[in-house]
Amino acid sequence: MKTFASVRSMRNSLFAFALLVLALMISADARAQTMNEPTSLLIKVKTGITLNYVVQGDPNGPVIVLLHGAGDSWHSYQRVLPLIPAKYRVYAITMRGHGLSDHPKTGYARADFAADILDFLDQFRIHHATLVGHSLGSFVAQKVAELDTDHLDRLVLIGSGPGLHRKNEATDEIKSYFFSVQDPVPYTFARDFQASTIYSPIPAWFFETMVAEAQRVSADTWHGLGEGLTADEPVDDLKKIRVPTLVEWGEKDSIFSKSDQDILIHMIPNAKLSTYPDTGHALHWERPERFTKELLAFVQESGT
């Protein structure tokens, strides 16, 4: 009788232990899932500008910072964020003049955007980040990398180029196009602008999100972007970038050509090119799985 009671007690203890282990596993899974759900927050940088950003992942994990293109916001990476494992700490920043960040009337030179991002990195004491930029964000990322000595380990440039450093018909056209925008920003302008950046189909919900984000951008911002994007920037400054750099380009990019990519690879000391066939300017919209896979491989191969 005593032996039977002991066996029963042992079984009960093992069952209780198994339940405890299961509960801990479920709790850990729930924490990981919660940790990898983007949280939207605000931060005020030195210039007085308040930026909206989303963050996800392990606070102690390797840091990835994402910068969007003109007319976009952190939503530019909405198809990418769910694909990044929770072990990474990811910040997707909405830059000034966009989304839910402040919309000042002026201050849209690359140096203005870069100062915001450098202060963001300072405030979070980030010293080993992978900085990712698309289009406008790629120019900001270039400027950050040129100025930075303390924050970055690597750089990823999407739909980028050596800048609109030569005055020509294309730069005049871009400037004129952006300066033509008036408030309220017409739906047709936002729709046509976003459509011009893609080649392969993207989900309807995502396209509609990005059109709505482009409509949030005021005419003052569009005018400032037209001025800032077409300002002279010494192409030789690219030689100041010392971190490993991954340049990603869609072969159907309607804005930057293969020759632009060749200049980047030639000017940036430690750069390599990845090309995407049948893909446009916003390759991370069109090919989020491949983009994320290459991003994480680049982070891992160049050290975390």
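These figures come from a predicted structure and were not determined experimentally. (Residues numbered from 1 in each chain as written. Predicted model: local features only at pLDDT ≥ 70, side-chain atom pairs only at ≥ 80, totals over all residues. Heavy atoms only, no water.)

1. As for the pattern of salt bridges
Part 1: Throughout the structure, instances matching the rule amount to ten salt bridges.
Part 2: The residue Lys143 makes a salt bridge to Glu146 at a minimum N-O spacing of 3.5 Å. With Lys143 and Glu146 both in helix H3 (residues 136-147) and three residues apart, the pair spans about one turn of that helix. (Salt bridge = Lys/Arg side-chain N within 4 Å of Asp/Glu carboxyl O. Helix = DSSP H or I, 4+ residues; strand = E, 2+ residues; numbered from the N terminus.)

2. With respect to the environment of Gly137
Part 1: By the secondary structure assignment, Gly137 is in helix H3.
Part 2: Taking C-alpha positions, Gly137 is 9.5 Å from Gly159, a pair spaced 22 residues apart along the chain.
Part 3: Excluding its chain neighbours within four sequence positions, the residues that come into contact with Gly137 are Leu67, His68, Gly69 and Met95. (Contact = heavy atoms within 4.5 Å.)

3. Considerations on the confidence of the model for the chain
Part 1: Taken as a whole, the chain shows an average pLDDT of 89; of its residues, 85% reach a score of 70 or greater.
Part 2: Within the model, the stretch residues 23-30 combines pLDDT values under 50 with zero contacts to residues more than four positions away or in other chains. (pLDDT = per-residue confidence, 0-100.)

4. Let's talk about the pairing of strand S5 (residues 129-134)
Part 1: Of all six residues in S5, six are buried; the element is thus mostly enclosed.
Part 2: Residue alternation in S5 divides its side chains into two sets, Ala129, Leu131 and Gly133 and Thr130, Val132 and His134, and both sets are buried.
Part 3: Judged from the five bridges that link them, strand S3 (residues 63-67) and S5 form a sheet pairing that is parallel. Residue pairing in the sheet places Ile64 in a bridge with Thr130 of S5.
Part 4: Pairing between S5 and strand S6 (residues 152-158): six bridges, direction parallel. Residue Val132 lies in a different strand from S6, and its bridge partner there is Val156.
Part 5: Where the polypeptide runs from S5 across H3 and back to S6, its parallel neighbour, the crossover connection is right-handed. (Buried < 20%, exposed > 50% of the residue type's maximum accessible area, 1.4 Å probe, protein only. Pairing = 2+ DSSP bridges. Right-handed = clockwise from strand over helix to strand, strands pointing away.)

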